[in-house]
Amino acid sequence: QDDQLIESTTKLNLNLVNLVSSSSYLSLSVSGLASPVINPELNNFLISYHSKKLDLSAGDFTTSLSRLTLNRSRGVKAETKLGRVALAGLVASSQKEFKDDLYGLRGSVRLANNFQIATNYVQEKKNENSVASIEAEIGSGAGLTLRGEYAVNGHKGEFEWEPKKGNAFRVSTSFCCESLTLDASYDKVKPEFCFVGSPQQSGAYEQYQLSLTHSLTNYINGTMYY
């Protein structure tokens, strides 16, 4: 970026994968950031073990459970798969220092090859803030996928006897055609909604995102965002 108001920023992402057997593997993800006001540093690490029935991860998560329940966090996550059903548990912190102050659960079931539903729940230990959501995803053989999530939040207001509730929803779609992929999403958050890990209300907002990715070769692709 070259802008008087926005500092130029450089990001680094590194992924290493080690095949343990024909059905399991280990992975390490590292990311870093550098700018004129931030010294270059690697500050996000995630190590994972994946198999057919069990996934174990520890470190920094970009999306722990879902976009509306818990995004960035640091902790430990375990997920087991039993046929079409998957169950996941998370113990984490919204801060860089692991404080064991968030608990999350996720359950999902694939009702058909192209239809899946899931529920998420996150509880914040200290501030008694919680978020529950339900998700649905449906796909088609033509490369089109639709997703939706609705979340309800309960947290204390300015006074302990003043409980507050808020809601938010998100819809997104993806369309793949040969070497092109189009992604679009729309988020709407009500004023009373408060994300887990945020000390105050998040405030009402609407957000639109659009991206187009073109695979130039098997190892190189380019993306335009709006």
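Above this text is the structure in question.
Keep in mind that this is a model prediction, so the values were computed, not measured.

Q: Just to check I follow, could you spell out the overall build of the chain for this structure?
A: If you tally the helices and strands in the chain, you get zero helices and 14 strands. Secondary structure elements of the chain occur, N-terminal to C-terminal, as β-β-β-β-β-β-β-β-β-β-β-β-β-β. Counting only contacts in the chain whose residues sit at least 6 apart along the sequence, the fraction spanning at least 24 positions is 31%. Surface exposure of the chain reaches about 14800 Å², of which carbon and sulfur atoms provide 57%.

Q: Teacher, can you tell me more about the environment of Asn15 here?
A: Mapping Asn15 onto the fold places it in strand β1 (residues 10-21). Between the C-alpha atoms of Asn15 and Leu28, which are 13 residues apart in sequence, the distance is 5.7 Å. Discounting chain neighbours no more than four positions away, the residues touching Asn15 are Leu28 and Ser29.

Q: I tried to follow the nonpolar core on my own but got confused; where do I start?
A: Soluble globular proteins tend to pack their nonpolar side chains together in the buried interior. Formed by 16 residues in total, the largest nonpolar core has its most connected members in Leu70, Leu90, Phe193 and Val196. When sequence neighbours within four positions are dropped, the list of residues in contact with Val196 reads Thr69, Leu70, Leu102, Val122, Glu124, Asn129, Ser130 and Val131.

Q: Hey, could you run me through the environment of Gly143 in this one?
A: Within the fold, Gly143 resides in the loop between β9 (130-139) and β10 (144-156). Spatially, the C-alpha atom of Gly143 lies 9.3 Å from that of Thr181, the residues being 38 residues apart in sequence. Apart from residues lying up to four places away in sequence, Gly143 is in contact with Ser174, Phe175 and Cys176.

Q: Explain the packing of aromatic side chains to me, please; I cannot follow it from the model alone.
A: For any pair of aromatic rings, geometry is given as the distance between the ring centres together with the angle between the planes. Tallied over the entire structure, the rule returns two aromatic pairs. A centroid spacing of 5.0 Å and a plane angle of 40° characterise the contact between Tyr186 and Tyr208, whose relative ring orientation is tilted. In this pair, Tyr186 sits in strand β12 (residues 180-189) while Tyr208 sits in strand β13 (residues 205-215), placing the two residues 22 residues apart along the sequence. Overall, Tyr186 belongs to the buried group, its relative accessible area being 18%.

Q: Is there a simple way to think about the pattern of salt bridges in this case?
A: If charged atoms from side chains of opposite charge come close, those side chains can pair. For the structure on display, the rule yields five salt bridges. Among the salt bridges present, the one from Glu135 reaches Arg106, with a minimum N-O distance of 2.5 Å. In this pair, Glu135 sits in strand β9 while Arg106 sits in strand β7 (residues 102-112), placing the two residues 29 residues apart along the sequence. Between Arg147 and Glu137 there is a salt bridge, with its nearest N and O atoms 3.4 Å apart. Here Glu137 lies in strand β9 and Arg147 lies in strand β10, a separation of ten residues in the sequence. Residue Glu137 is classed as partly exposed on the basis of its relative accessible area, which comes to 28%.

Q: Mind showing me how you'd approach the side chain of Asn120 here?
A: Along the chain, Asn120 falls in strand β8 (residues 115-124). Of the residues examined, Asn120 reaches a relative accessible area of 3% and is grouped as buried. In this structure the side chain of Asn120 is engaged in a polar contact, spanning 2.7 Å, whose partner is the side chain of Arg106. Within polar-contact distance, the side chain of Asn120 engages the side chain of Glu135 at 2.9 Å. The contact partners of Asn120, leaving out residues within four places of it in the chain, are Leu65, Ser66, Thr69, Leu105, Arg106, Val131, Ala132, Ser133, Glu135 and Glu149.

Q: What is the right way to look at the pairing of β13 in this model?
A: Within a regular strand, side chains alternate between the sheet's two faces. Relative to β13, β12 is paired through ten bridges, and the arrangement is antiparallel. From the neighbouring strand, Val189 faces β13, where its bridge partner is Tyr205. Hairpin connection, β13 to strand β14 (residues 221-225): the antiparallel pair is bridged by five residues.

Parameters and conventions
Residues numbered from 1 in each chain as written. Predicted model: local features only at pLDDT ≥ 70, side-chain atom pairs only at ≥ 80, totals over all residues. Heavy atoms only, no water. Helix = DSSP H or I, 4+ residues; strand = E, 2+ residues; numbered from the N terminus. Contact = heavy atoms within 4.5 Å. Areas by Shrake-Rupley, 256 points an atom, 1.4 Å probe, with all protein chains shown as cover. Core = buried A, V, L, I, M, F, W, Y, C linked by side-chain atoms within 4.5 Å. Buried < 20%, exposed > 50% of the residue type's maximum accessible area, 1.4 Å probe, protein only. Phe/Tyr/Trp six-rings, centres within 6.5 Å; stacked < 30°, edge-to-face > 60°. Salt bridge = Lys/Arg side-chain N within 4 Å of Asp/Glu carboxyl O. Polar contact = N/O pair within 3.5 Å; in protein donor to acceptor, adjacent residues only side chain to side chain. Pairing = 2+ DSSP bridges.

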